[in-house]
Amino acid sequence: MNVKRLEHPFLVGKQVYLRGLQRSDIDGPWFDWFHDQDNTRFMFNGSRPNSRESMEAFYEHAATSKDDLILAICMNEDNRHVGNISLQQVSWFYRRAELGIIVGDRSVQGRGVATEALKLILAHGFNRLNLHKVYLRVEEGNKAARRAFEKAGFVEEGILRDEILHHRAWQNSVYMGVLEDEFFKTFPEFA
Ligand SMILES: CC(C)(COP(=O)(O)OP(=O)(O)OC[C@H]1O[C@@H](n2cnc3c(N)ncnc32)[C@H](O)[C@@H]1OP(=O)(O)O)[C@@H](O)C(=O)NCCC(=O)NCCS
């Protein structure tokens, strides 16, 4: 792989790399990921249309926040911006952060993009940000997300009942987490 041709790579994997968001990304495919009702069926984002103003505000926050690390997921093959991934609400005291992810480009879903991006950002969180734990909440019925999280080392810690109203029915959330020592035991190549 010729790393030089990648555009501002920050964390590089075999299939994808992560980089900082750029203002120009707002005019790219990112805008419409949240209009795709299939993509957002397990997310709060799809409940109202996206707007340039909200994207600008999100971008400004991502560019300046010290407690939220929000990165673009891009394909090594053509630099295409296919998703975003984040470590948010970092608690520097308890050394934990909440994980968020969307692989919005449906043409690459199911190819391991999320799994590789998760491993890259987890390794960075544990190796460079000094985190001890990364956690998330995912709707119980979001099988693809749960599988990707499991493949990246997350384990289920508990069920939160009736957390999300989805298609007029209450859904449980699954709380998942991964600890630094577990991650490096499973993926020693990142240590
Ligand atoms: C969830 C999401 C991030 C997964 O991204 P992805 O790049 O397709 O994920 P991966 O390819 O790395 O892994 C997905 C796994 O789920 C499996 N999968 C997909 N659909 C599934 C289903 N309906 N039931 C069970 N497993 C499923 C895939 O086969 C794959 O597992 P495998 O490699 O063992 O075959 C992506 O679909 C997405 O962004 N969805 C919308 C936003 C979202 O739900 N975000 C998470 C909020 S917590």
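Residues numbered from 1 in each chain as written. Predicted model: local features only at pLDDT ≥ 70, side-chain atom pairs only at ≥ 80, totals over all residues. Heavy atoms only, no water.

A. Structural detail: the packing of helix 3 (residues 113–127) against helix 4 (residues 143–151). For the pair helix 3 and helix 4, the least separation of the axes is 9 Å and the interaxial angle reads 45°. Comparing the axis directions of helix 3 and helix 4 gives the class oblique. In this structure, helix 3 meets helix 4 at a crossing whose hand is right-handed. Of the residues in helix 4, those touching helix 3 at Ala114, Thr115, Leu118 and Lys119 are Ala148, Phe149 and Lys151. In terms of residue class, the contact of helix 3 with helix 4 is made up of four nonpolar, one polar and two charged. (Axes fitted to C-alpha atoms, helices over the stretch in contact; angles between N-to-C directions. Helix = DSSP H or I, 4+ residues; strand = E, 2+ residues; numbered from the N terminus. Parallel < 35°, antiparallel > 145°, perpendicular 65-115°, else oblique. Left-handed = near helix turned anticlockwise from the far one by under 90°. Contact = heavy atoms within 4.5 Å. Nonpolar A, V, L, I, M, F, W, Y, C, P; charged D, E, K, R; others polar.)

B. Fine view of unusual backbone geometry. In this model, His8 sits at a positive phi of 50°, which is unusual for a non-glycine residue. With respect to the helices, strands and loops of the structure, His8 is situated in the segment before strand 1 (11–12). Located in the positive-phi region is Asn79, a residue other than glycine, with phi close to 65°. In this structure, Asn79 sits in the loop between strand 3 (69–75) and strand 4 (81–91).

C. Main features of the pattern of salt bridges. Tallying each qualifying case throughout the model produces 17 salt bridges. One salt bridge connects Arg80 with Asp105, and the closest N-O pair in it is separated by 3.1 Å. Taken together, the residues Arg80 in the loop between strand 3 and strand 4 and Asp105 in the loop between strand 5 (96–103) and helix 3 connect sequence positions 25 residues apart. Relative accessible area serves as the criterion here: at 26%, Arg80 is assigned to the partly exposed category. Overlapping salt bridges, with partners in common, bring together Arg23, Asp27, Arg52, Glu56 and Glu60 in one network. (Salt bridge = Lys/Arg side-chain N within 4 Å of Asp/Glu carboxyl O. Buried < 20%, exposed > 50% of the residue type's maximum accessible area, 1.4 Å probe, protein only.)

D. Spatial organisation of the side chain of His124. With respect to the helices and strands, His124 occurs in helix 3. Residue His124 is classed as buried on the basis of its relative accessible area of 10%. In this view, His124 contacts Phe10, Leu11, Leu69 and Leu129; residues no more than four positions away in its chain are not counted.

E. Structural detail: the pairing of strand 5. Looking at chain direction, strand 4 and strand 5 are connected through seven bridges and run antiparallel. Within the sheet, the bridge partner assigned to Gln88 lies in strand 5 and is Glu98. Remark: four residues form the turn of the hairpin made by strand 4 and strand 5, two consecutive strands paired antiparallel; Arg95 in that turn has positive phi of roughly 60°. Where strand 5 meets strand 6 (residues 133–139), three bridges bridge the pair, whose relative direction is parallel. Counted as the bridge partner of Glu98 is Tyr135 from strand 6. Tracing the backbone out of strand 5, into helix 3 and back to the parallel element strand 6 gives a crossover that is right-handed. (Pairing = 2+ DSSP bridges. Right-handed = clockwise from strand over helix to strand, strands pointing away.)

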